[in-house]
Amino acid sequence: ALETFKRGYAGTWVDGYGAYVSLIKTLEDARHTVFLFMCAFCVVHAVVVSNIAVYQARRSKAKYPSSNASMATWCCGFCAATLALLFAGSLVLLAIPVSEMCYFWRYDLYTYDGVSDYYRQVGLFDRATPNKAVDTLAVDVWRTCLTANGTGDVLGALQLR
């Protein structure tokens, strides 16, 4: 039963999600780089471009100074707002599936009945039988260790007491 629990738990979490560690690190580095680029672009827009437009308009002797610098400021502001909204939207698209996955884990899988409902997906079945029957001792170990109402008594779950 402990071997089935270990194989199911390690197969699901360690082997299944452990293979994506380098991809997750790469995506996090890319997210951080895009965030820094957005911050730098906004700072340059706010400090340099807009001040150049104000300086050029203030220094001009004409009644209606050229609008090229102001147009460049508006263009940079529009680009900054558009890129920021695209970046935030992509983060929302990522956050929704992750929050649904956490909801499933908390309210479906890590409940007392959830383990017995999803025992095949987690790998808590006897591999020797062709119908993949539930290994009740492995399910009891899962319930004891990983559910909210679990006692933590592994020896009791393995019926060794």
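Source: prediction; values computed, not measured. (Residues numbered from 1 in each chain as written. Predicted model: local features only at pLDDT ≥ 70, side-chain atom pairs only at ≥ 80, totals over all residues. Heavy atoms only, no water.)

A.B. asks: Sorry, what's going on with the overall build of the protein here?
C.D. replies: Secondary structure summary: the protein contains 7 helices and 0 strands in total. Across the protein, helices and strands are ordered from the amino to the carboxyl terminus as α-α-α-α-α-α-α. Relative to the compact-globule value of 15 Å for 161 residues, the protein shows a C-alpha radius of gyration of 28 Å, a clear excess of over 25%. Across its three principal axes, the protein shows a C-alpha extent of roughly 95 × 25 × 25 Å. By residue count, 19% of the 161 residues in the protein fall in the buried class. Taking as baseline every contact in the protein between residues at least 6 positions apart, the subset at least 24 positions apart corresponds to 54%. Summed over its atoms, the accessible surface of the protein is roughly 11500 Å², and 66% of this surface lies on carbon and sulfur atoms. Counting 14 positive and 12 negative side-chain charges, the protein places the averaged centre of each group 20 Å from the other. (Helix = DSSP H or I, 4+ residues; strand = E, 2+ residues; numbered from the N terminus. Rg over C-alpha atoms; globule rule 2.2 N^0.38 Å. Buried < 20%, exposed > 50% of the residue type's maximum accessible area, 1.4 Å probe, protein only. Contact = heavy atoms within 4.5 Å. Areas by Shrake-Rupley, 256 points an atom, 1.4 Å probe, with all protein chains shown as cover. Lys, Arg positive; Asp, Glu negative; His and termini not counted. Charge placed at Lys NZ, Arg CZ, Asp CG, Glu CD.)

A.B. asks: Can you help me understand the layout of surface pockets in this one?
C.D. replies: Where empty space is left can be seen by rolling a probe of water-molecule size over the atoms. The computed volume of the largest pocket comes to approximately 520 Å³. Considering the residues around the largest pocket, the lining is formed by 16 residues, among which Ile24, Leu27, Glu28, Leu94 and Val98 are closest to the centre. Contributing elements (two or more residues each) for the lining of the largest pocket: helix H2 (21-59) and helix H3 (68-109). In the lining of the largest pocket, the residues fall into 13 nonpolar, 1 polar and 2 charged. (1 Å grid on protein atoms, 1.4 Å probe; cavity = no way out; pocket = protein on both sides within 12 Å on 5 of 7 lines; lining within 4 Å. Points joined across faces, edges and corners; volume = space filled by probe spheres on them. Nonpolar A, V, L, I, M, F, W, Y, C, P; charged D, E, K, R; others polar.)

A.B. asks: Can you help me understand the side chain of Thr73 in this one?
C.D. replies: Relative to the helices and strands, Thr73 is located in helix H3. Those residues in contact with Thr73 that sit more than four places away from it in its chain are His45, Val49, Ser50 and Ala53.

A.B. asks: Could you clarify how one ought to interpret the packing of aromatic side chains in this entry?
C.D. replies: Tallying each qualifying case throughout the model produces 4 aromatic pairs. Considering the side-chain rings of Phe104 and Tyr118, the 5.1 Å spacing of their centres and the 80° angle between planes classify their relative orientation as edge-to-face. Here Phe104, found in helix H3, pairs with Tyr118, found in the loop between helix H4 (112-117) and helix H5 (119-122); they are 14 residues apart in sequence, far enough to count as distant. Judged by relative accessible area, Phe104 falls into the partly exposed class, the value being 27%. Taking the relative accessible area as the measure of exposure, Tyr118 reaches 27% and is therefore partly exposed. Of note, Arg143 hangs over the ring of Tyr112, and the distance from its end group to the ring centre comes to 4.1 Å. (Phe/Tyr/Trp six-rings, centres within 6.5 Å; stacked < 30°, edge-to-face > 60°. Lys NZ or Arg CZ within 6 Å of the ring centre and 35° of its normal.)

A.B. asks: Explain unusual backbone geometry to me, please; I cannot follow it from the model alone.
C.D. replies: Keep in mind that most residues, glycine aside, have a negative phi and that most peptide bonds are trans. Its identity as a non-glycine residue notwithstanding, Lys132 has a phi of 55°, on the positive side. Here Gln159, not a glycine, exhibits a phi torsion of approximately 60°, which is positive. Using a relative accessible area of 59% as the deciding quantity, one classes Gln159 as exposed.

A.B. asks: I keep staring at the side chain of Arg143 and nothing clicks. Help me out?
C.D. replies: Here Arg143 shows up in helix H6 (residues 136-146). Classification of Arg143 as buried rests on a relative accessible area of 13%. In terms of polar contacts, Arg143 uses its side chain to reach the backbone carbonyl oxygen of Tyr112, at 2.9 Å. (Polar contact = N/O pair within 3.5 Å; in protein donor to acceptor, adjacent residues only side chain to side chain.)

A.B. asks: What should I look at first to understand H2 in this one?
C.D. replies: Every α-helix winds through 3.6 residues per turn, so residues three or four apart in the chain are directed the same way. Helix length check: H2 (39 residues) gives 56 Å between terminal C-alpha atoms against 57 Å at 1.5 Å per residue, within 8%. The axis of H2 is deflected most strongly, by about 35°, at His45. If you check which residues of H2 are buried, you get Met38, His45, Ser50 and Ala53. On its buried side, H2 packs onto H3. (Expected span 1.5 Å × (residues − 1). Bend = angle between axes of the 7 residues up to and from the residue.)

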